[in-house]
Amino acid sequence: MADKVITCKNLTKKFGDFYAVHNISFDVSQGEIFGFLGANGAGKTTAMRILCGLSYPTSGEASVAGFDVYTQQERIKQNIGYMSQKFSLYENLTVLENITFFGGVYGVPAAQLKERSRQLIAKLGLTNEAKKLVASLPLGWKQKLAFSVAIFHEPKIVFLDEPTGGVDPVTRRQFWDMIYEAAANGITVFVTTHYMDEAEYCDRVTIMVDGKVEALDSPGNLKSRFDVTSMDEVFYRLARNAVRSGD
Amino acid sequence: MNPVVLDHITKTYENGKVLAASDVSFEVASGELFGLIGPDGAGKTSLFRILTTLLLPDKGNASVLGLDCNKDFEEIRRRIGYMPGRFSLYQDLTVKENLDFFATLFGSTLEENYSLIKDIYEQIKPFNNRRAGKLSGGMKQKLALCCALIHKPEVLFLDEPTTGVDVVSRKEFWDMLKTLKQQGITIVVSTPYMDEAMLCERIALIQTGKILTIDTPGKIIAAFPVPLYAVKAKDTYRLLTELRKRSEIASCFAFGDYVHITLKDNSNESQTDQLKQELIQAGHEQFEIKRIEPTIEDSFIQLMSQTYGR
């Protein structure tokens, strides 16, 4: 069995009387692409914030990259990467400045920073854009750059919060190629998405409904369990009964 | 005259550096549900802003309900409903206050056209006294739609109403649009979700300011120029990388648990048998290949590569 890089046992987060996350348990193995799905308001963001070391749980246990979510939040942050559609890069810094800034923040040694930045820019085909502001790049390029920046410090896990929203169908698939490549290199990928075809690309998928994990299995097994042909239908069957809705 | 007409519209930003719309022409018929389908940055919002008289094009003419978008903006604004992409209601007013506010702006009342919004409004009515900023995404969307409908518009413009909304709320929203269509309202709606294209009567596929094609979803799919195959194996990523290296493959994209491919030479049907044999020999388990009907997303990708050569 591969190493468990995320473990979660009876994890709960309450806001007053409201259970944002209610007794969720799961493990994620090294190099796995783990899809984290749920309707708006199901508790995905709250759970993700706990796992990223940004919020304390109310009860239960969890560890990320071997570090405890109660006592070792700073160590967690050093060992993960994070990218969301909403925020990931500084628009008014150049491509190169963004890479060196985030590399520096995440402790990439200064001696390596210059050469590795150059390599990354070459790999992305952005050599001519290195000194341009990120704001001037097309959305698809920004997203690919943001992902590369999120894994630049070679974290054990990368958290991706709706990384492909709004991009064109070709770019969306190129983005998933990068995810596959990262996973093949041993980086664990924890990803949320509203595109149900992307749920099919995950090794395993969790579907949260009203703060609880309602399903956790490979896309193939989930489809046969519900006797349907697409993840869209699996999701719809589970989420339509949700009581809660929110952002 | 059709209620929505765009005639050779071009719009640029930053002194011509950014091309938002490039010689765009189309018309929407009365009572039609018309979709503008394309990714972020395709130019959808610019077209909406031109049609709703909030932006002037560099070139070309636009008209709504037979009125000129440049000269007759006041009358157009009275007769259309517009739901912009970003949530545009007043966050610190309650549900009821937002509705009353928009009704008053248009010289109407909540009661006057109540039958039009009844089905949608009753879903959010229990939250009448909640501030709009405290509503969930799905409820905000319903409130915004009610506000856009409150003066009984003849044409409804909806810019990405379902972006970032989950599958369940998206389905509900499209059901509401169908009901509105039955009441004779002309609807122009945009979305980055290709699967929603099938719910429109006619669609324009749009990318970086250019219209790739305009037709019914069925005809666009039927116009796919070559046979399309779906391939599946246990290890999708390995399958994808190996297919891409093969010389007979023209295009290769992941689609859910299948990979969709087209071949360079379509004269020889036995090629797929050979492909199957070779990949099974290469150790692919649970291998499967079958001819399939394209989806709108297949068509979009195909038209993109045809137009932009990628």
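Going along each chain's sequence as written, the residues are numbered from 1 onward. The order in which chains are written sets their letters, starting at A; the order in which ligands are written sets their numbers, starting at 1. Only residues with pLDDT of 70 or above have their local features reported here, since the model is predicted, and side-chain atom pairs are shown and tallied only from 80 upward, although totals for entire chains, interfaces and linings are computed over all residues. Hydrogens and water molecules were not included; the side-chain quantities draw on all heavy atoms of the structure.

Per an unreviewed UniProt entry, chain B goes by the name ABC transporter ATP-binding protein and belongs to Chitinophaga silvatica. UniProt positions are given in the numbering used here, feature names are shortened, and annotations may be inferred rather than shown by experiment. Under Sequence similarities (unreviewed entry), UniProt gives the following word-for-word description of chain B: "Belongs to the ABC transporter superfamily."

Under an unreviewed UniProt entry, chain A has the name ABC transporter ATP-binding protein and belongs to Chitinophaga silvatica.

1. Brief notes about the sheet that holds strand β10 (residues 210-215) of chain B
Residues and elements named next belong to chain B. Only when DSSP finds a minimum of two bridges between them are two strands counted as paired. A run of H or I in DSSP counts as a helix once it spans at least four residues, and a run of E counts as a strand once it spans at least two, with each numbered from the N terminus. As summarised here, the arrangement of the six strands in space is β6-β7-β8-β3-β9-β10, forming an open sheet in which the pairing is mixed. Looking at which strands have only one partner, the edges of the open sheet turn out to be β6 (80-83) and β10. Pairs of neighbouring strands in the sheet enclose a mean axial angle of 15°, with direction left out of account. Sheet topology places strand β3 (residues 33-37) next to strand β8 (residues 186-191); five bridges connect them, and they run parallel. Opposite Ile37, over in β8, you have Thr191 as the bridge partner. Helix axes are fitted only over the stretch in contact, all axes being lines through C-alpha atoms; the angle between N-to-C directions runs from 0 to 180 degrees.

2. Quick word on the interface of chain B and chain A
In what follows, residue pairs with any heavy atoms lying within 4.5 Å of each other are defined as contacts. Taken together, the contact pairs 31 residues of chain B with 31 residues of chain A. Here the quantity called buried area is the total loss of accessible area, with a 1.4 Å probe, experienced by two parts when brought into contact, counted for both. Together chain B and chain A conceal approximately 2,500 Å² of surface at their shared face, both sides included; 57% is due to carbon and sulfur atoms. When a carboxyl oxygen of Asp or Glu is within 4 Å of a side-chain nitrogen of Lys or Arg, the pair counts as a salt bridge. Taken together, chain B and chain A are joined by five salt bridges. Here Arg173(A) and Glu297(B) are joined by a salt bridge, their closest N and O atoms 3.0 Å apart. Put simply, the parts of the chain that give the side of chain B that touches chain A at least two residues each are α5 (137-149), α6 (167-182), α8 (236-245), β12 (249-255) and α10 (296-308) of chain B. Three classes are used: nonpolar for Ala, Val, Leu, Ile, Met, Phe, Trp, Tyr, Cys and Pro, charged for Asp, Glu, Lys and Arg, and polar for all others, with Gly counted as polar. Of the residues that constitute the side of chain B that touches chain A, the class distribution is 16 nonpolar, six polar and nine charged.

3. Side note on unusual backbone geometry
Excluding glycine, a negative phi dihedral is what most residues carry, and trans is how most peptide bonds are arranged. All names here are of chain B. Although it is not a glycine, Asn15 adopts a positive phi angle of roughly 55°. Mapped onto the secondary structure, Asn15 falls in the loop between β1 (4-13) and β2 (18-28). Judged by its relative accessible area of 84%, Asn15 falls in the exposed class. Residues other than glycine seldom take positive phi values, yet Gln286 does so here, at roughly 50°. With respect to the helices and strands, Gln286 occurs in the loop between α9 (271-281) and β14 (288-292). Think of it in three bands: residues with accessible area under 20% of the maximum for their type are buried, residues over 50% are exposed, and the middle band is partly exposed, with areas taken using a 1.4 Å probe on protein chains only.

4. A short note on the pattern of salt bridges
One pass over the full model with this rule turns up 32 salt bridges over all chains. Ionic pairing is found between Arg79(B) and Glu75(B), a salt bridge with its closest N-O pair at 2.7 Å. Linking Arg79(B) with Glu75(B), this pair stays in helix α2 (residues 73-79), spanning four residues, or about one helical turn. Take Arg79(B): its relative accessible area is 24%, and that puts it in the partly exposed class. Taken together, the shared-partner salt bridges connect Arg172(A), Arg173(A), Asp197(A), Glu198(A) and Glu297(B) into one network.

5. Details of the domain arrangement of chain B
It is common to report an interface's size as the accessible area lost on association of the parts. Note that the domain bounds reflect an automated or database-derived domain assignment. By the assigned domains, chain B splits into domain 1 (4-221) and domain 2 (225-293). Inter-centroid distance (C-alpha atoms) of domain 1 of chain B to domain 2 of chain B is 40 Å.

6. Regarding the packing of aromatic side chains
Only rings of Phe, Tyr and Trp enter the pairing, Trp through its six-membered ring, and a pair is recorded when the two centres are within 6.5 Å. The plane angle decides the type: under 30 degrees is stacked, over 60 is edge-to-face, the rest tilted. Counted according to the given criterion, the structure contains 21 aromatic pairs over all chains. Note on Phe101(A) and Phe102(A): the rings are 5.2 Å apart at their centroids and 85° apart in plane angle, and the pair reads as edge-to-face. The exposure class assigned to Phe102(A) is buried, which follows from its relative accessible area of 13%. Pairing Phe101(B) with Phe102(B) gives two aromatic rings, centres 5.4 Å apart and planes at 90°, and the pair type is edge-to-face. For Phe101(B), a relative accessible area of 31% gives the class partly exposed. For Phe102(B), a relative accessible area of 16% corresponds to the buried category. Among the aromatic side chains, those forming a connected cluster through ring pairs are Phe26(A), Phe34(A), Phe36(A), Phe159(A) and Phe190(A). Only Lys NZ and Arg CZ are tested; either one counts as a charge over a ring when it is within 6 Å of the ring centre and within 35 degrees of the ring normal. Cation over ring: Arg116(A) sits above Phe152(A), and NZ or CZ is 4.6 Å from the ring centre.

7. Observations regarding the pairing of strand β7 (residues 157-161) of chain A
Residue and element names in this part refer to chain A. With five of five residues buried, β7 lies mostly within the body of the structure. Here β7 shows no split at all, with Ile157, Phe159 and Asp161 on one side and Val158 and Leu160 on the other all buried. Sheet analysis places strand β6 (residues 80-84) next to β7, joined by five bridges and oriented parallel. Looking at the pairing, Tyr82 lines up with Phe159 of β7. The pairing of β7 with strand β8 (residues 188-192) spans five bridges and is classified as parallel. Bridged to Ile157 within β8 is Thr188. By convention, a crossover is right-handed whenever its connection, traced from the first strand over the helix to the second and viewed with the strands pointing away, goes clockwise. Tracing the backbone out of β7, into helix α6 (residues 169-184) and back to the parallel element β8 gives a crossover that is right-handed.

8. Re the packing of α6(A) against α8(B)
Relative to each other, α6(A) and α8(B) sit at 120°, their axes nearing to 11 Å. Relative to α8(B), the crossing made by α6(A) is left-handed. Along its contact with α6(A), which presents Asp177(A), Tyr180(A) and Glu181(A), the element α8(B) presents Thr236(B), Tyr237(B), Leu240(B) and Arg244(B). Of the residues assigned to the contact of α6(A) with α8(B), the class counts are three nonpolar, one polar and three charged. Left-handed describes a crossing whose near helix is turned anticlockwise from the far helix through less than a right angle; right-handed describes the clockwise counterpart.

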